[in-house]
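Spelled out, the chains give:
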Amino acid sequence: MTKDDLDQLAINTIRTLSIDAVQQAKSGHPGTPMALAPLVYTIWNRVMRFDPKDPIWPGRDRFVLSNGHASMLLWSVLYLTGTQAVNAEYERLGKPSVTLEDIRHFRQLDSKAPGHPEYHWVSGVETTTGPLGQGIATSVGMAIARKWLAARYNRPGFEIFDYDIYTVCGDGCLMEGVGSEAASLAGHLGLDHLCWIYDNNHVTIEGNTRIAFTEDVAVRFQGYRWNVLRVGDANDLGRIEDALRVFRRTEGQPTLIILDSHIGYGAPHKVDTAAAHGEPLGEEEVRLAKRAYGWPEDAKFLVPEGVREHFAAGIGRRGAEARGHWEKLFASYRAQFPDLAVEIDQMQRRELPAGWDRDLPNFSPDPKGIAGRDASGEVLNVLAQNIPWFLGGSADLGPSNKTILKFASAGDFEAGKPDGRNLHFGIREHAMAAIVNGLSLSKLRAFGATFFIFSDYARPAIRLSALMELPTILVFTHDAMGDGEDGPTHQPVEQLISLRAIPGLVLLRPGDANEVVEAYRYILQLRHQPAAIALSRQPLPTFDRNKYASAAGVARGAYVMADSPGGPPEVILIGSGSEVSLVVKAHETLATQGIRTRVVSMPSWDIFEHQPASYRESVLPPQIPARIAVEQGSVLGWDRYVGAAGQVIGMKTFGASAPLKELQRKFGFEPERVIDAAKELVGRK
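A. Expanded view of the overall build of the protein. If you tally the helices and strands in the protein, you get 24 helices and 22 strands. For 685 residues, the compact-globule estimate of 2.2 N^0.38 gives 26 Å, and the protein sits close to it at 28 Å. By principal-axis analysis of the C-alpha atoms, the protein measures approximately 95 × 60 × 45 Å. Across the 685 residues in the protein, those meeting the buried criterion constitute 61%. The long-range share in the protein, meaning contacts at least 24 apart out of those at least 6 apart in sequence, stands at 76%. In the structure as shown, the protein presents an accessible area of about 25,500 Å², 50% of it carried by carbon and sulfur atoms.

This is the structure we're talking about:
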């Protein structure tokens with residue numbers, strides 16, 4: 001059998017595995033794998049530097065399947081290349097990442113061949129994709145990381161970080177707004193190690209793209225400052241490889257390859273139709289497609305002899321050689337640059353350097369206090385100096401979010417200066433959050449920032465960071481009505497509860513400057529969880545921690561700040577963020593009136609819920625039903641802590657445009673209202 005014959009046999013194996021898996025599952029998307037099998041084969045077996053025996057070595061090229069509904073492409077090549085599994089502790093498990101049995105159980109419970117690529121579930125998947133546009137946006141983060149890593153760690157003769165990112169996408173990815181945001185930034189930054197291959201098949205679920213998508217994609221991306229190439233036949237391996245070769249030679253621009261394909265290629269009645277996109281072909285059409293490929297029509301999940309060996313001789317051998325060369329290079333690098341090598345080791349394992357929290361500020365008691373965002377800015381600047389791979393930025397709100405890193409060596413990440421620690425995302429909140437995911441997937445410790453109200457724009461990518469179990473950091477300021485005159489468009493109401501609803505996301509709303517410090521101390525130690533911190537615009541009193549409990553209680557999610565003397569509390573007052581100082585004032589007034597209260601600061605529901613029941617009950621004793629929760633956000637969910645007998649002082653409407661003090665008076669965020677509610681609960685006037 002000639003090499004060309006083996007190439008075609010391998011391509012048709014990918015196609016038929018995909019067809020059979022979708023047909024057996026009675027669910028899935030067969031058309032795109034049928035069309036793009038030649039592309040994915042070429043990338044993996046002819047071009048990409050990837051060692052199936054070690055799918056996480058730092059020098060590997062990255063492959064992102066942004067049109068994740070075509071996941072059978074990925075499961076097929078992971079199986080055929082013999083890619084090995086790695087666990088969350090980066091240990092090689094000595095077993096395949098995806099087996100043929102997994103493919104037989106495509107989209108079934110516990111199969112390593114789920115409906116869309118899942119990073120935390122299957123080794124060899126570089127990022128979770130599915131929501132269209134997320135993959136391409138995340139790949140921009142990977143490309144930024146590639147530039148930054150090379151700028152910091154590469155030395156003459158030691159190209160430690162020199163990988164490329166290959167991202168396959170479709171019409172949906174280019175129609176989604178997040179894709180436009182990301183492409184614009186990638187072109188601006190000249191990310192020349194990034195290649196998007198656009199599957200131009202003219203078909204979406206509703207039919208031909210002419211019903212909704214008629215723009216000139218090539219001209220659009222030229223306007224973004226991309227290098228644009230075209231391959232007119234998705235079956236032409238030589239032209240695909242030539243285009244990828246041009247990409248690797250291109251400097252100063254990312255590359256878009258427009259690949260003309262036929263969805264459902266080989267299926268005589270469904271090729272180039274929406275029917276090939278999102279449903280099984282049907283048994284008869286499967287047989288006809290296999291006949292067109294010269295395949296045994298009744299064979300299912302057939303992997304002909306020689307196909308896996310062909311991959312072993314291609315990507316297997318090439319990847320092993322590339323990894324071996326990299327490991328020898330890194331051993332020499334370690335001898336010459338031991339400190340930098342240690343940094344790389346720690347970063348790759350998501351560890352923190354010694355002394356990472358040294359010099360964190362300790363804020364003195366101050367009734368006037370400091371805004372949460374200002375305290376955060378001080379902490380971020382200390383952390384970034386202690387953790388060399390800590391970096392981030394804002395969606396054009398750095399001066400307002402107080403996230404600009406100002407120490408002498410921080411610098412700005414720019415097209416010709418990729419060593420800067422300040423990232424400027426522009427007004428692109430959705431892409432920012434996805435890019436932060438890409439930075440985290442590249443093992444950098446990254447943060448993104450904006451106003452809390454615009455967390456809605458970033459939410460899809462935040463959800464994916466939780467799904468992928470990435471330790472990303474989102475810094476949100478202007479967390480309530482503190483921006484006053486800007487009005488309800490800028491005053492978050494439902495955002496706190498909506499982010500609390502995301503499984504695995506740690507949300508913290510600190511109540512004073514020292515709680516901000518402790519919140520970051522907690523966040524930085526997370527290895528497999530994203531975190532969001534909601535910070536005030538306005539100054540908050542800094543509590544005297546000799547009088548009130550230590551802010552270290554933040555690490556428990558909620559803690560007792562103060563109790564009244566003379567017996568157990570009659571009422572528990574619970575606050576978060578700016579409302580902690582409000583309930584403290586009410587507590588002190590009630591004490592003078594002979595009503596014993598307990599103040600509980602609750603910066604994080606999620607952390608608190610993960611504490612032992614004994615601790616939770618020590619903070620909120622079940623025998624004390626009189627409870628009041630105060631928060632400038634939706635009241636939804638607080639009943640879990642105040643119970644049927646308690647009260648919640650919160651928001652049931654949107655805010656309004658007015659000075660802050662007037663808003664607090666209008667919506668009842670004053671000590672007097674808390675005092676009246678406490679007296680009502682204990683039957684005192």
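B. How the structure looks around helix H15 (residues 429-441). The end-to-end C-alpha distance of H15, which contains 13 residues, comes to 19 Å, matching closely the 18 Å that a straight helix rising 1.5 Å per residue would cover. Among the 13 residues that make up H15, 13 are buried, leaving the element largely enclosed by the rest of the structure. A positive phi of about 80 degrees marks Lys443, the residue just after H15.

C. Examining the side chain of Asp61 more closely. As for its position among the elements, Asp61 is in the loop between helix H2 (31-47) and strand E1 (62-65). Take Asp61: its relative accessible area is 1%, and that puts it in the buried class. At 2.9 Å, the side chain of Asp61 and the backbone nitrogen of Asp164 are in polar contact. With sequence-adjacent residues up to four places away left out, Asp61 is seen in contact with Val47, Met48, Arg49, Phe50, Glu126, Tyr163, Asp164 and Tyr166.

D. Looking closely at the packing of helix H3 (residues 71-81) against helix H11 (residues 307-336). Closest axis-to-axis distance for the H3/H11 pair is 8 Å, and the angle between their directions is 85 degrees. The pairing of H3 with H11 is recorded here as roughly perpendicular in orientation. Listed contacts from H11 to Tyr79, Leu80 and Thr81 of H3 are Val307, Arg308, Phe311 and Ile315. In the contact of H3 with H11, the residues fall into 5 nonpolar, 1 polar and 1 charged.

E. Molecular detail of unusual backbone geometry. One non-glycine residue, Phe301, lies in positive phi territory at about 55 degrees. With respect to the helices, strands and loops of the structure, Phe301 is situated in the loop between helix H10 (283-292) and H11. Even without being glycine, Lys443 reaches a positive phi, approximately 80 degrees. A relative accessible area of 11% means that Lys443 is categorised as buried.

F. Main features of the pairing of strand E11 (residues 390-394). Of all the 5 residues making up E11, 5 are buried; the element is thus mostly covered by neighbouring parts of the structure. Residues Phe390, Gly392 and Ser394 point to one face of E11 and Leu391 and Gly393 to the other, with burial holding for every one of them. Pairing analysis gives 5 bridges linking E11 to strand E13 (residues 445-451), with the strands arranged parallel. Along E13, the bridge assignment pairs Ser394 with Ala449.

G. Highlighting the sheet that holds strand E5 (residues 194-200). Here we have 5 strands laid out as an open sheet, ordered E1-E4-E5-E9-E8, and parallel in their pairing. With partners counted over all chains shown, the strands left at the sheet margins are E1 and strand E8 (227-231), one partner each. Adjacent strand axes in the sheet meet at a mean angle of 20 degrees when their direction is disregarded. Alignment of E5 against strand E9 (residues 255-260), held across 6 bridges, turns out to be parallel. Pairing of Asp199 across the sheet is with Leu259, part of E9. Contacts between H2 and the sheet are confined to E1, strand E4 (165-169), E5 and E9, with E4 contributing the most and set at about 175 degrees to the helix.

Conventions and cut-offs
- Residues numbered from 1 in each chain as written.
- Predicted model: local features only at pLDDT ≥ 70, side-chain atom pairs only at ≥ 80, totals over all residues.
- Heavy atoms only, no water.
- Helix = DSSP H or I, 4+ residues; strand = E, 2+ residues; numbered from the N terminus.
- Rg over C-alpha atoms; globule rule 2.2 N^0.38 Å.
- Buried < 20%, exposed > 50% of the residue type's maximum accessible area, 1.4 Å probe, protein only.
- Contact = heavy atoms within 4.5 Å.
- Areas by Shrake-Rupley, 256 points an atom, 1.4 Å probe, with all protein chains shown as cover.
- Expected span 1.5 Å × (residues − 1).
- Polar contact = N/O pair within 3.5 Å; in protein donor to acceptor, adjacent residues only side chain to side chain.
- Axes fitted to C-alpha atoms, helices over the stretch in contact; angles between N-to-C directions.
- Parallel < 35°, antiparallel > 145°, perpendicular 65-115°, else oblique.
- Nonpolar A, V, L, I, M, F, W, Y, C, P; charged D, E, K, R; others polar.
- Pairing = 2+ DSSP bridges.

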